[in-house]
Amino acid sequence: MIKSHWAALCSLLLLSAAPFAQAADPAGMVKVARGQDSIERDGKKLPAEVGSQVDVADRVRTGADGSVGVTLRDNTLLSAGPNSLIVFDKFAFDNTTQDGNMSIRIRKGTLSVASGKIAKRTPESVDFHTPTSVLGVRGTEFAVEVVGGNDE
Amino acid sequence: MVTMNKPKLSLTLAMFAFLGACASEHVVLLPSADGRPSAVVVRDPGGEILLDKPYAAAKRSRDTNKVYLSSPAEVKERFGQALAAQPSRPSSYVLYFEAGGNVLTQESQAAMVNIRKEIAERPASEVMVIGHTDRVGSVEANDRLSKTRAEGLRNLLIESGVRADKLEAVGRGERDPLVPTEDEVDEPKNRRVEISVR
């Protein structure tokens, strides 16, 4: 019982903390955008254009003709092909110490990754989530495809 | 404890089974740009798969994992549009200072021309200016000096027309020498500022 109360409390805290986290935490910037792409933030849908900032908790979605490339603050390069949904769950990077962590989810579509400074220094603090697995990186470039993933 | 955990565990397993039934996934390790060995670990409740050769790949569907060797042709077909949208790789320049102060060497002043050009040409460019010192002086003094050097270069870039909001300046002091030395060694290669354009 106590455990489940804690779980409920924790998820409440997480929910209430989310809006603050995303207001203050830029993760990266859109450098390439083709076709219809959008950034979903706070329930609003914004166009994803070259120069758009991507924040922690944002969801980046590409249309049937879309693709998008984002450079994160630690120099990680992410790019998504058409009909993709990428969620920026966590990102933190300290320029002075070069410590940080990231957790990114691909819900559907295709994503290519060229990892950056965080993965070089602390690979264990970087992970990518697909609907059924967790990918850990070891100084890496890789690509993931999820077919028939959830749209939300 | 046991009775609480069991339903949770089976629910988790059921969710994975459900997702596994309707989704299929491919993961492919690509050759690294610098040619160094790299790897991806794919973990699920059943265990983990290590992909550690270029084009090593895993196909996951309906609770089954198949490891196979992909190819440039398959990568192009499956990931061509994602890879075509990959941003340009960040580039890095190193500028050097005359001893003890904040004045760039002659060569480094010339290199600034290329840096400004690259900042202007890259789409939505952002610039990180990172200052470093040699090991002459205290750690604290070198933290200040490295920050001063980085901010000096940041100001120089702003004066030459780069927008201030594109530029960040940080000082790493004597922590990250290009050439490792004993303390108090005057090493010109360590008196530098790194400019990373992304």
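1. Quick look at the overall build of chain A
Of the regular secondary structure elements, chain A holds two helices and twelve strands. In chain A, the succession of α and β elements from N to C terminus is α-β-β-β-β-β-β-β-β-β-α-β-β-β. For chain A, with 152 residues in total, the buried portion stands at 49%. The contacts in chain A between residues at least 6 apart in sequence include a share of 53% that link residues at least 24 apart.

2. Concerning the pairing of strand E7 (residues 127–132) of chain B
Residues and elements named next belong to chain B. Most of E7 sits out of view: six of its six residues are buried. Pairing of E7 with strand E8 (residues 167–171) involves five bridges; the strand directions are parallel. By the bridge assignment for E8, Val-127 is matched with Leu-167. Note on the crossover from E7 through helix H4 (residues 139–159) to E8: the handedness is right-handed. In the sheet, E7 pairs with strand E9 (residues 192–197) via six bridges, with the strands oriented antiparallel. Of the residues in E9, the one forming a bridge with Val-129 is Ile-195.

3. Brief notes about the confidence of the model for chain A
For chain A, mean pLDDT is 86; residues scoring 70 or higher make up 84% of the total. Between residues 9–22 of chain A, whose pLDDT stays under 50, and residues either more than four places distant or in other chains, the model counts nine contacts.

4. A word on helix H2 (residues 72–84) of chain B
The terminal C-alpha atoms of H2(B) lie 14 Å apart, and with 13 residues this falls more than 12% below the ideal 18 Å at 1.5 Å per residue. Maximal helix bending in H2(B) amounts to about 70°, located at Arg78(B). Of all the residues in H2(B), the buried ones are Val75(B), Phe79(B), Gln81(B), Ala82(B) and Leu83(B). The elements touched by buried residues of H2(B) are strand E6 (67–72), strand E7 (77–80), strand E9 (100–114) and strand E12 (141–147) of chain A together with strand E1 (24–30) of chain B.

5. Things to note about the sheet that holds E8(B)
Residues and elements named next belong to chain B. The sheet built from four strands is open, its strands ordered E6-E9-E7-E8 with mixed pairing. The sheet terminates laterally at strand E6 (91–96) and E8, the two strands that pair on one side only. Pairwise comparison of adjacent strand axes, ignoring direction, gives a mean angle of 20° for this sheet. Relative to E6, helix H3 (residues 106–121) is tilted by about 155°, and along the sheet it contacts E6, E7 and E9.

6. Focus on the nonpolar core
Residues Val68(A), Leu111(A), Phe142(A), Ala143(A), Val144(A), Val27(B) and Leu51(B) are the most contacted members of the largest nonpolar core, which totals 55 residues. No other element matches E9(A), which puts six residues into this core. Judged by nonpolar contacts, the second largest core, of 16 residues, contains Leu95(B), Ile119(B), Leu167(B) and Ala169(B).

7. Focus: the domain arrangement of chain B
Domain annotation for chain B reports domain 1 (22–84) and domain 2 (91–197). Between domain 1 of chain B and domain 2 of chain B, the C-alpha centre-to-centre distance is 39 Å.

8. Here we look at the interface of chain B and chain A
If you look at the interface, chain B gives 44 residues, while chain A gives 44 residues. Contributions of two or more residues to the side of chain B that touches chain A are made by helix H1 (2–22), E1, strand E2 (39–44), H2 and E8 of chain B. Residues of the side of chain B that touches chain A, tallied by class, amount to 26 nonpolar, seven polar and eleven charged. With seven bridges connecting them, E12(A) and E1(B) associate as antiparallel partners.

9. Description of the pairing of strand E11 (residues 134–138) of chain A
Alternating residues of E11(A) divide into Leu135(A) and Val137(A), all buried, and Val134(A), Gly136(A) and Arg138(A), none buried. Here strand E10 (residues 126–129) of chain A pairs with E11(A) via three bridges, running antiparallel. Within E11(A), the residue paired with Phe128(A) across the bridge is Leu135(A). Adjacent in sequence and paired antiparallel, E10(A) and E11(A) are bridged by four residues. Direction of pairing for E11(A) relative to E2(B): antiparallel, over a ladder of five bridges.

What counts, and at which threshold
- Residues numbered from 1 in each chain as written.
- Chains lettered and ligands numbered in written order.
- Predicted model: local features only at pLDDT ≥ 70, side-chain atom pairs only at ≥ 80, totals over all residues.
- Helix = DSSP H or I, 4+ residues; strand = E, 2+ residues; numbered from the N terminus.
- Buried ≥ 20, exposed ≤ 12 C-beta atoms within 10 Å, placed from the backbone.
- Contact = placed C-beta atoms within 7 Å.
- Pairing = 2+ DSSP bridges.
- Right-handed = clockwise from strand over helix to strand, strands pointing away.
- pLDDT = per-residue confidence, 0-100.
- Expected span 1.5 Å × (residues − 1).
- Bend = angle between axes of the 7 residues up to and from the residue.
- Axes fitted to C-alpha atoms, helices over the stretch in contact; angles between N-to-C directions.
- Core = buried A, V, L, I, M, F, W, Y, C linked by C-beta atoms within 7 Å.
- Domains from an automatic or database assignment.
- Nonpolar A, V, L, I, M, F, W, Y, C, P; charged D, E, K, R; others polar.

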